[in-house]
Amino acid sequence: MGTINKKRFMPVNLGTTSSFAVLAGSTITNTGTTTIGGSAGGDIGLYPGTAFTGQASTSMAGVVYIADTVARIAKDDLVIAYDDAAGRTPVTRIGTELGGQTLTPGTYDSADGTFGITGTLTLDAQGDPEGVFVFKTDSTLITASGSNVVLINEARFCRTFWKVGSSATLGTNSHFVGHIFALTSITANNGATVQGQLLARDG
């Protein structure tokens, strides 16, 4: 009888990052008016960088932590969460383009190490609110303008995770769901909405 990997059914442990909507390593840059808040956590953190450009035009429900102990601990926890997501097995290999697909709980990667979303990606928990989705890229995650991630049949954003080996880019007027752990950087273009977290280790 085989051994069941119980960890694959558990959500990634966010640690102290759970209160952050945005967490970065070097710089946070905001252009235009941005609203940050909601049940996913409304804090903003930066460590070890100190530059938060455009803070004055950012409306937020939480607290800003810049190069302090709170931000440092959250960054440490982000590394743990990133490594947890990166190590999830077994992995189902699927196509790079996620738009137009309906996926059930599991861990996914692609042959070329990237994911893109054009149109709508539907995540179907099949009636299981504990279902976990993990998406892993070796390099980029890029969503097209107007793209959408839809949750059905009790799928939840808090159990959806994206480990990105370099950078994530969310297209103009797109809607994204889940926690992004990016090694380098995350860009949310004008009009993009996110139900989840944007957590970048280095950039």
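In the block above lies the structure referred to throughout.
Residues numbered from 1 in each chain as written. Predicted model: local features only at pLDDT ≥ 70, side-chain atom pairs only at ≥ 80, totals over all residues. Heavy atoms only, no water.

**Some details on the pairing of strand β10 (residues 106–110)**
In step 1: Across the five residues of β10, four count as buried, placing the element largely inside the fold.
In step 2: Two strands pair when backbone bridges link them, and strand β8 (residues 92–94) and β10 are joined in this way by three bridges, in the parallel orientation. Bridging across to β10, I94 finds its partner in S110.
In step 3: Bridge count between β10 and strand β13 (residues 133–137): three bridges; the pairing is parallel. Note that in β13 the partner of T107 across the bridge is V134. (Buried < 20%, exposed > 50% of the residue type's maximum accessible area, 1.4 Å probe, protein only. Helix = DSSP H or I, 4+ residues; strand = E, 2+ residues; numbered from the N terminus. Pairing = 2+ DSSP bridges.)

**Quick word on the environment of G116**
In step 1: Topologically, G116 is positioned in strand β11 (residues 115–117).
In step 2: Given the relative accessible area of 11%, G116 is considered buried.
In step 3: On a C-alpha basis, the gap between G116 and L98 in space is 6.0 Å, while along the polypeptide they are 18 residues apart.

**Let's talk about unusual backbone geometry**
In step 1: Here the bond from Y47 into P48 is cis, since omega is 5°, no more than 30 degrees from zero.
In step 2: The residue P48 is located in the loop between β4 (43–46) and β5 (51–53) in this model.
In step 3: The residue A67 is not glycine, and still its phi comes out positive at about 50°.
In step 4: Here A67 is to be found in the loop between β7 (64–66) and α1 (69–86).
In step 5: The class for A67 is partly exposed, based on a relative accessible area of 34%.
In step 6: With a phi angle near 55°, Q126 is a residue other than glycine that sits in the positive phi range.

**A look at the side chain of S167**
In step 1: Examined against the element boundaries, S167 turns out to sit in strand β17 (residues 167–170).
In step 2: A polar contact is formed between the side chain of S167 and the side chain of S185, at a distance of 2.9 Å.
In step 3: Among all residues touching S167, those that are not within four sequence positions of it are S139, T140, L141, T184 and S185. (Polar contact = N/O pair within 3.5 Å; in protein donor to acceptor, adjacent residues only side chain to side chain. Contact = heavy atoms within 4.5 Å.)

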